[in-house]
Amino acid sequence: MLTWSITQQHLELLYTWKISRNTSTEKINLFITVTDGTYSGMGEVAPNIRYGETPDLIIGWFSRFIRDAASISSIDDLTEKIKDFPNALRFGIESAFLFFICSKKNSTLSELLDLPEPSPVPTSYTLPIMEASEISSFIKQHKLKRFSLLKLKVNQQNATELTRALFDHCRKPICIDANEAFPDPDSVIRFLETIRDIPVLFLEQPLPAAQEEAGVYLKSRSTVPVFADESVTSNPDMEKIAGQFHGINMKLMKAGGFIHGRDILREAQKHNLSTMIGCMIETSLGIKSALYLTPLCQYYDLDGMFLVKNEPFNLVREQTGYLLL
């Protein structure tokens with residue numbers, strides 16, 4: 001018989017994390033464990049307020065789950081039981097169960113998911129929204145020049161100023177993440193006109209996810225590739241996504257599990273979309289989990305653990321910008 005449990009951990013952040021819609025100095029993540037007394041597995045849950053997820057909500061749903069969770073015996077059975085759960089909780093439960101199976105069978109998660117074993121990958125590092133005058137010292141303080149790719153959070157008001165300030169100090173292609181900050185496609189186009197001389201690798205989710213027609217319009221006129229983030233959750237319509245974007249950022253906490261995440265990336269490839277795997281503010285348990293899907297990706301944005309001051313697991317090493325298990 002399986003025993004399931006959940007714990008919370010208060011994560012202190014190294015610095016203020018500011019994006020276009022909110023600001024954080026701390027985070028509460030949850031950790032799910034399943035065991036049969038001999039073998040065990042653990043998964044992380046990073047609630048995302050953008051989708052209405054809170055620690056209290058996660059605990060409430062988990063209490064409902066464990067009423068009959070002891071009888072779960074297969075992945076299909078588990079998938080059916082949690083299909084309507086919040087996505088981050090679904091990932092935490094599924095990942096704990098899959099790691100438990102791997103432990104019991106003495107196999108790897110890559111074998112279970114029918115994927116190549118992950119190799120070291122170069123992650124990007126994301127700068128939060130800050131004053132443009134602070135960018136130089138932020139890069140020096142966190143030794144960011146060791147990363148081959150930097151990503152910048154912006155809002156509509158400061159996007160041009162911050163982009164120029166970052167490029168002045170890194171002199172390499174950069175990525176821009178707006179988190180739905182622009183109200184319409186023409187405002188995005190005007191912003192891109194102001195930075196035409198800067199090598200931008202891609203612009204991530206400039207428009208609200210609900211603006212599908214506006215996304216189609218923007219894709220046809222954007223001077224840089226546009227990637228989906230908030231538009232990609234557990235069951236994206238990839239044909240619609242491909243009409244609006246050039247690539248996707250798939251996050252396991254939004255996909256609702258390894259299996260959904262793997263299938264989303266494969267479906268994106270079929271639609272000739274570039275693929276990136278991202279993360280929330282997570283510990284190295286969540287980042288380790290994401291690394292198993294990197295063989296399906298071209299870009300890697302797995303820097304969430306770098307924000308955590310009291311990282312509890314140390315499951316992933318970083319060396320000159322590369323992540324290693």
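Fair warning: this is a prediction, and the values are worked out from it, not measured in the lab. (Residues numbered from 1 in each chain as written. Predicted model: local features only at pLDDT ≥ 70, side-chain atom pairs only at ≥ 80, totals over all residues. Heavy atoms only, no water.)

## Focus: the packing of aromatic side chains
For any pair of aromatic rings, geometry is given as the distance between the ring centres together with the angle between the planes.
Logical step 1: In this structure the tally under the stated criterion is 18 aromatic pairs.
Logical step 2: Here phenylalanine 62 and phenylalanine 65 contribute two aromatic rings whose centre-to-centre distance is 5.8 Å and whose plane-to-plane angle is 45 degrees, an arrangement assigned as tilted. Residue phenylalanine 62 and its partner phenylalanine 65 are both found in helix H1 (residues 55-65); the two are separated by 3 residues, about one turn of the helix. Take phenylalanine 62 and phenylalanine 65: they sit in the same class, and that class is buried.
Logical step 3: Ring centres of phenylalanine 91 and phenylalanine 258 lie 5.3 Å apart, and the angle between their planes is 65 degrees; on these two criteria the pair is classed as edge-to-face. Here phenylalanine 258 lies in helix H11 (residues 258-270) and phenylalanine 91 lies in helix H3 (residues 87-105), a separation of 167 residues in the sequence.
Logical step 4: The exposure class of phenylalanine 91 is buried, given its relative accessible area of 1%. (Phe/Tyr/Trp six-rings, centres within 6.5 Å; stacked < 30°, edge-to-face > 60°. Helix = DSSP H or I, 4+ residues; strand = E, 2+ residues; numbered from the N terminus. Buried < 20%, exposed > 50% of the residue type's maximum accessible area, 1.4 Å probe, protein only.)

## Points about the nonpolar core
Logical step 1: Core analysis: the largest hydrophobic core is formed by 106 residues, its most contacted members being Trp4, Phe65, Ile93, Leu127 and Ile248.
Logical step 2: Beyond its immediate sequence surroundings of up to four residues, phenylalanine 65 is in contact with Trp4, Ile72, Leu78, Ile82, Phe85 and Ile93.
Logical step 3: Core analysis: the second largest hydrophobic core is formed by 5 residues, Leu149, Phe202, Phe227 and Met276 among them. (Core = buried A, V, L, I, M, F, W, Y, C linked by side-chain atoms within 4.5 Å. Contact = heavy atoms within 4.5 Å.)

## Here we look at the sheet that holds strand E1 (residues 3-18)
Picture the strands of a sheet paired through backbone hydrogen bonds; they go either parallel or antiparallel.
Logical step 1: If you trace the 3 strands from one edge of the open sheet to the other, you get E1-E2-E3, paired in antiparallel fashion. Each having just a single partner strand, E1 and strand E3 (40-45) make up the two edges of the open sheet. The mean angle between the axes of side-by-side strands here comes to 20 degrees, regardless of whether they run parallel or antiparallel.
Logical step 2: Of the strand pairs in this sheet, strand E2 (residues 23-35) and E3 are connected by 6 bridges, and their pairing is antiparallel. (Pairing = 2+ DSSP bridges. Axes fitted to C-alpha atoms, helices over the stretch in contact; angles between N-to-C directions.)

## Things to note about the packing of helix H7 (residues 185-194) against helix H8 (residues 212-221)
Logical step 1: Direction vectors running N to C along H7 and H8 enclose 25 degrees, while the axes themselves pass 9 Å from each other. Classified by the angle their axes make, H7 and H8 are roughly parallel. Relative to H8, H7 is oriented so that their crossing is right-handed. On H8, the residues touching Pro185, Asp186, Val188 and Ile189 of H7 are Ala214, Tyr217, Leu218 and Arg221.
Logical step 2: Residues that form the contact of H7 with H8 fall into these classes: 6 nonpolar, no polar and 2 charged. (Parallel < 35°, antiparallel > 145°, perpendicular 65-115°, else oblique. Left-handed = near helix turned anticlockwise from the far one by under 90°. Nonpolar A, V, L, I, M, F, W, Y, C, P; charged D, E, K, R; others polar.)

## Structural notes on the pattern of salt bridges
Logical step 1: Evaluated as defined, the whole model comprises 17 salt bridges.
Logical step 2: A salt bridge links aspartate 177 to lysine 151; the nearest nitrogen and oxygen atoms lie 3.7 Å apart. Taken as a pair, aspartate 177 in strand E7 (residues 174-177) and lysine 151 in strand E6 (residues 150-153) lie far apart in primary sequence, 26 residues in all.
Logical step 3: By relative accessible area, aspartate 177 is classed as buried at 1%.
Logical step 4: With a relative accessible area of 2%, lysine 151 lands in the buried category.
Logical step 5: Here aspartate 168 and arginine 171 are joined by a salt bridge, their closest N and O atoms 3.5 Å apart.
Logical step 6: Assessed through its relative accessible area of 56%, arginine 171 is described here as exposed.
Logical step 7: Members of the salt-bridge network, linked through shared partners, are Lys151, Lys153, Asp177, Glu204 and Asp301. (Salt bridge = Lys/Arg side-chain N within 4 Å of Asp/Glu carboxyl O.)

## What to know about the pairing of strand E11 (residues 274-278)
Logical step 1: Most of E11 is tucked away, with 4 of its 5 residues classed as buried.
Logical step 2: For E11 and strand E12 (residues 299-300), the ladder comprises 2 bridges, and the chain directions are parallel. Looking at the pairing, isoleucine 277 lines up with tyrosine 300 of E12.

## A closer look at the sheet that holds E11
Logical step 1: Pairing within the open sheet is parallel, and its 8 strands lie in the order E5-E6-E7-E8-E9-E10-E11-E12. Only two strands of the sheet have a single partner each, and these edge strands are strand E5 (125-127) and E12.
Logical step 2: Sheet contacts for helix H6 (residues 159-170): E5, E6 and E7; angle to E6, the most-contacted strand, approximately 155 degrees.

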